[in-house]
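Structural features, examined
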Amino acid sequence: MRDSFLGKRIRGGGYAMKGAWLLLRHEPSVQVQFVIAVGVTIAGFYFDISKTEWMFQFTAIGLVMGCEGLNTAVEAMADFVHPDFHSKIGHIKDVAAGAVFFTAVIAVIIAGFIYLPYIFP
Ligand SMILES: Nc1ncnc2c1ncn2[C@@H]1O[C@H](COP(=O)(O)OP(=O)(O)OP(=O)(O)O)[C@@H](O)[C@H]1O
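Below: a short report on this structure. Remember, it's a predicted structure, so these values are computed and weren't measured experimentally. (Residues numbered from 1 in each chain as written. Predicted model: local features only at pLDDT ≥ 70, side-chain atom pairs only at ≥ 80, totals over all residues.)

1. Some thoughts on the site of the ligand
Close to the ligand lie Ser-29, Glu-75, Phe-85, His-86, Ile-89, Gly-90, Lys-93, Asp-94 and Ala-97. No other element matches helix α4 (residues 87-119), which puts 5 residues into the shell around the ligand. (Near = placed C-beta within 6 Å. Helix = DSSP H or I, 4+ residues; strand = E, 2+ residues; numbered from the N terminus.)

What follows is the structure in structure tokens.
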């Protein structure tokens, strides 16, 4: 069972959940995003948003937190392979952070589309 197709997939899922827990436990940026995700989920219940709005909201949350997790992995990898200061490492980290920025801007726009009509009817 351990080395079967299903066994490997189940083990992979366990590693992924461990990684998600590590991000939530140790990464301040992911922790902030998690608090914001809980906040907008409460807001979603408060304003009784539609099913489509829930889908966009969860897509935005998943995009931002997923991208932030990958950015954290890129930063850790960069620091591991080249702990010293190097302009190439700086470029790699800036580009990875830029990817998170794209998703964060889109998430703010989606939040505006969802909540502004409820707040200013
Ligand atoms: N080794 C390095 N060489 C060159 N520039 C670096 C290096 N490390 C960091 N930088 C620069 O500093 C910025 C911040 O890097 P850092 O690794 O501290 O990430 P951070 O945004 O502070 O994330 P975190 O708070 O999660 O550590 C990078 O985007 C990059 O411009």
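Resuming the write-up.
2. Some words on the nonpolar core
Proteins that are soluble and globular tend to have nonpolar side chains buried together. The biggest cluster of nonpolar side chains holds 9 residues, and these are Leu-23, Val-30, Ala-60, Ile-61, Val-64, Met-65, Cys-67, Val-100 and Ala-107. Mapped by element, the contributors of at least two residues to this core are α3 (51-81) and α4. Broken down by element, this core gets its largest block of residues, 5 residues, from α3. (Core = buried A, V, L, I, M, F, W, Y, C linked by C-beta atoms within 7 Å. Buried ≥ 20, exposed ≤ 12 C-beta atoms within 10 Å, placed from the backbone.)

3. Some thoughts on the packing of α3 against α4
In the contact formed by α3 and α4, the axes pass within 9 Å of each other and the chain directions differ by 170°. In terms of orientation, α3 lies roughly antiparallel with respect to α4. Looking at the contact of α3 with α4 residue by residue, the classes come out as 18 nonpolar, 3 polar and 4 charged. (Axes fitted to C-alpha atoms, helices over the stretch in contact; angles between N-to-C directions. Parallel < 35°, antiparallel > 145°, perpendicular 65-115°, else oblique. Nonpolar A, V, L, I, M, F, W, Y, C, P; charged D, E, K, R; others polar.)

4. Quick notes on α4
Here α4 is 33 residues long and its end C-alpha atoms lie 45 Å apart, about the 48 Å a rise of 1.5 Å per residue gives. Within α4, the axis deviates most sharply at Phe-113, by approximately 30°, and proline Pro-117 lies no more than four positions further along. Little of α4 sits inside the fold, with 3 of its 33 residues counted as buried. Those residues of α4 not exposed but buried are Val-100, Ala-107 and Ile-114. Where α4 is buried, its residues contact α3. (Expected span 1.5 Å × (residues − 1). Bend = angle between axes of the 7 residues up to and from the residue. Contact = placed C-beta atoms within 7 Å.)

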